[in-house]
Amino acid sequence: MNYEKFINERAKNIKPSGIRKFFEIVEQRKDVISLGVGEPDFDTPWGSREAAVRSIRKGMTHYTSNYGLLQLRELISEYYKKRYNCDYDCKSEILTTTGASEAIDLALRAVCENGDEILIPEPSYVSYCPCVVLAGANPVAVKCNAETEFKLVADELEKYITDKTKALILPYPNNPTGAIMERKYLEKVAETAIKHDILIISDEIYSELTYNEEGHTSIASLPNMKERTIVINGFSKAFAMTGWRLGYVLAPKELLHAMYKIHQYTMLCAPTISQYAGIESLKQGFEDDFTSVTEMRDQYDMRRRFVVKELNSMGLKCFTPRGAFYVFPCLSSLGMTGEEFASRLLEEECVAVVPGSAFGESGEYFVRISYAYSMKNLEIALQKIADFVKKIKSEIK
Amino acid sequence: MNKLQKNIIKLLKEDARYGYAKIATMLGCDEDTVKEAVTELESKGIIVKYTAIINNEKTGEEFGDALIEVRVTPQARRGFDAIAEKIYKFDDVKAVFLMSGTYDLAITLECKTAKDVALFVSERLSAIDGVVGTSTHFIMKKYKDGGVIFEDDESSKRLSVSE
């Protein structure tokens, strides 16, 4: 059977995720302490789990509106107003999706045309490039670097804009670097976007995990930006609901309508049970002023400080990330690539970290370390990494 | 108690061995501030002791742990205190609590053997003036203690590596 002729070129040309490849290797070994995870180590709060179970028992197992339950959209609208000062109408500007992943795909499929260029800050989350390609456009990597704490600098961005540029993906707080974009940086990017009339696709999935006084700023809240921004967010990280597959898009109604049409035919609706759980998560949040979210963030904050200090002490240069739950140390002092470091670390110390190259060429000399683990695991893993680094340094001498 | 002290207490309860330097890193302040805060908490009697939580089943040694409900003759508040004092003087008595409900005092006891527990109840506890009744429950198995689950199975619910 000749499958080659049946599989389309785009699907053929997508490279398998570098993370998956590494995952296969890690799974084969026993007793690995993995720092390679991309999801919180908290379980979904009981209240939300119970709300979902209740909805199952009541037989609420049918389709919902394509847009998602109205009550959920109302709460999402309230949430974005309260937390990030953005106004989105729950009936025409909000779409509930099957994870923020679906939202990314919808946004790109609604927007991309053959020949369009979509700018993606690099290193970046693994899904953006393939989704741009699948949508028929060309991904253009905007290389960011450690000197500017992996922020997107507007002057740099200018260099990549051509007359084919349709949109910029703005993923902050960032996976894998942990970088954030404070207001003053967003303002510059906004200026550039307005000047060149490009869209912003703002992936804000880690918005609640921002570790500074200011908190997360959504570019959509800046003057004249709502009209050209598609905001993507979801329940996975903020409410520890990764497996529930619940996300949402916030966009001006014309853009939302295009995405809604695709979603209507391809997904129909986000999982109903998850929507009920999501309602409970937001209701609970409003009731306790999001203290459980804040407490989770404070927990991560402590671990973040600890991990950064340890990495810097052992000579792995690492800027202090202020978002998500990742640290992105540089390996240039060891003269190793991320892949070499990660393979040897796994082989010799049974600790798994993700090679930075999985996130783009700019990540070649870096590794991504996740701190979504207990302090106990982090202490053990970092001690092993420290021993490993010492060994490598003595080999270099 | 200020916010820093509350956070320090949370961390020390999690692991008393973190140490000032680590706590300072985690809370984003300097070591001296942590040391001062801890010293104050200790001197005020808020932090009373640092200890280790042991899983006795894994030591291979015999042990006798019990929870005992004690009923005492109803007296004015001072009366409870006097009896409690007589009970908590014993080293094997690890905890004495005044309780609401059908009995008055709850005691936890850690002896070398179950027989020692029985002897303690019959010869020491029951003999105390004011104790009218006891109900002894032997702890058969500890699933969780001090906030830690003892069961061996730590299989992760998450994929080891993910996006």
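Residues numbered from 1 in each chain as written. Chains lettered and ligands numbered in written order. Predicted model: local features only at pLDDT ≥ 70, side-chain atom pairs only at ≥ 80, totals over all residues. Heavy atoms only, no water.

> What am I meant to see in the interface of chain B and chain A here?
Interface size is commonly expressed as the accessible surface area that is lost when the partners come together. At the junction of the two partners, chain B supplies 15 residues and chain A supplies 29 residues. By the criterion of area lost to chain A, the three top residues of chain B are R158, V161 and E163 of chain B, representing 39% of everything that side buries. For the pair chain B and chain A, the interface holds three salt bridges. Here R20 of chain A ties to E163 of chain B by a salt bridge, and the two come within 3.2 Å at their closest N and O atoms. Joining chain B to chain A, the criterion identifies 17 residue pairs in polar contact (both at pLDDT 80 or more). Contributions of two or more residues to the side of chain B that touches chain A are made by α1 (3-14) and α2 (19-27) of chain B. Ranked by residues supplied to the side of chain B that touches chain A, first place goes to α2 of chain B with four residues. (Contact = heavy atoms within 4.5 Å. Buried area = accessible area lost by both parts, 1.4 Å probe. Salt bridge = Lys/Arg side-chain N within 4 Å of Asp/Glu carboxyl O. Polar contact = N/O pair within 3.5 Å; in protein donor to acceptor, adjacent residues only side chain to side chain. Helix = DSSP H or I, 4+ residues; strand = E, 2+ residues; numbered from the N terminus.)

> Got a minute to help me understand the nonpolar core in this structure?
Residues and elements named next belong to chain A. Counting residues in hydrophobic clusters, the biggest one holds 98 residues, and the most contacted among them are L108, I230, F341 and I385. Counting residues per element, this core draws most heavily on helix α13 (residues 375-396), at eight residues. Contact partners of I230, with chain neighbours within four places excluded, come to A107, V111, I200, I201, S202, V249, L250, A251, L255 and M259. Residues A52, L69, C90 and A220 belong to the second largest nonpolar core, which totals 28 residues. (Core = buried A, V, L, I, M, F, W, Y, C linked by side-chain atoms within 4.5 Å. Buried < 20%, exposed > 50% of the residue type's maximum accessible area, 1.4 Å probe, protein only.)

> It is not clear to me how the packing of helix α11 (residues 291-313) of chain A against α13 of chain A should be interpreted in this structure. Could you clarify?
When two helices pack together, you describe them by how their axes are tilted relative to each other and by the distance separating the axes. Residues and elements named next belong to chain A. Packing of α11 against α13 brings their axes to within 11 Å, and their N-to-C directions diverge by 5°. When the interaxial angle is binned, α11 and α13 end up roughly parallel. When α11 is examined against α13, the residues R303, F306, V307, E310 and L311 are found in contact with a partner set consisting of M375, L378, E379 and L382. Residues that form the contact of α11 with α13 fall into these classes: six nonpolar, no polar and three charged. (Axes fitted to C-alpha atoms, helices over the stretch in contact; angles between N-to-C directions. Parallel < 35°, antiparallel > 145°, perpendicular 65-115°, else oblique. Nonpolar A, V, L, I, M, F, W, Y, C, P; charged D, E, K, R; others polar.)

> Help me understand the sheet that holds strand β12 (residues 367-370) of chain A, please; the structure alone is not making it clear to me.
Hydrogen bonds between backbone groups are what pair the strands of a sheet, and the pairing can be parallel or antiparallel. Residues and elements named next belong to chain A. Reading across from one edge, β9-β12-β11 is the order of the three strands in this open sheet, with antiparallel pairing throughout. With partners counted over all chains shown, the strands left at the sheet margins are β9 (326-327) and β11 (354-355), one partner each. Pairing of β11 with β12, which is carried by two bridges, proceeds in the antiparallel orientation. Counterpart to P355 in the pairing with β12 is V367. (Pairing = 2+ DSSP bridges.)

> Explain the confidence of the model for chain B here, please?
Any residue range with low pLDDT should be treated as having predicted coordinates unsuitable for detailed reading. Residues with a pLDDT of 70 or more make up 95% of chain B, whose mean pLDDT is 91. Taken element by element, the predicted model of chain B shows its lowest mean pLDDT in helix α4 (residues 77-88) of chain B (85) and its highest in helix α3 (residues 31-43) of chain B (97). (pLDDT = per-residue confidence, 0-100.)

> Please clarify how a negative patch on the surface should be interpreted in this entry.
Residues E62, D91, D92, E110 and D116 of chain B make up a contiguous surface patch of negative charge. Its place among the elements puts D116 of chain B in helix α5 (residues 114-125). (Patch = residues over 30% accessible without salt bridge, like charges linked within 9 Å, V, L, I, M, F, W, Y side chains within 5 Å. Areas by Shrake-Rupley, 256 points an atom, 1.4 Å probe, with all protein chains shown as cover. Lys, Arg positive; Asp, Glu negative; His and termini not counted. Charge placed at Lys NZ, Arg CZ, Asp CG, Glu CD.)

> So what exactly am I meant to see when it comes to the packing of aromatic side chains here?
The relation between two aromatic rings is expressed through the spacing of the ring centres and the mutual angle of the planes. Residues and elements named next belong to chain A. Under the defined criterion, the tally for this structure stands at 23 aromatic pairs over all chains. A ring pair is formed by Y79 and F239, whose centres lie 6.2 Å apart and whose planes are at 55°; its orientation type is tilted. Within this pair, whereas Y79 is found in helix α4 (residues 70-84), its partner F239 is found in the loop between β7 (229-234) and β8 (247-250), the two being separated by 160 residues in sequence. Under the relative-accessibility criterion, Y79 is labelled buried at 2%. Ring centres 5.6 Å apart and planes at 70° place the aromatic pair Y125 and Y128 in the edge-to-face group. Each member of the pair, Y125 as well as Y128, carries the same accessibility label: buried. Three or more aromatic residues joined by ring pairs make a cluster, and in this case those are Y79, Y80, Y84, F235, F239, Y248, F286 and F290. Over the ring of F23 we find R20; its NZ or CZ atom is 4.8 Å from the centre of that ring. (Phe/Tyr/Trp six-rings, centres within 6.5 Å; stacked < 30°, edge-to-face > 60°. Lys NZ or Arg CZ within 6 Å of the ring centre and 35° of its normal.)

> I'm lost on the environment of L12 of chain B in this one. Help?
Residue and element names in this part refer to chain B. Looking at where L12 falls in the secondary structure, it is placed in helix α1. By relative accessible area, which is 13% here, L12 ends up buried. Sequence separation between L12 and I23 is 11 residues; the distance between their C-alpha atoms is 8.6 Å. Ignoring anything within four residues of it in the chain, the contact list for L12 reads I23, V38, I47 and Y50.

> Looking at this structure, how should I read helix α12 (residues 338-349) of chain A?
Residues and elements named next belong to chain A. Over its 12 residues, α12 extends 15 Å from the first C-alpha to the last, a length consistent with the 16 Å expected when each residue adds 1.5 Å. Three or more residues of α12 are buried, namely G338, F341, A342, L345, L346 and E349. Taken around the axis of α12, the buried residues stretch over an arc of 125°, which confines them to a single face. If you follow the buried residues of α12, they end up packed against α2 (18-28), β10 (351-352), β11, β12 and α13. One or two positions beyond α12, positive phi appears at C350, with a value near 55°. (Expected span 1.5 Å × (residues − 1). Arc of directions from axis to C-beta.)

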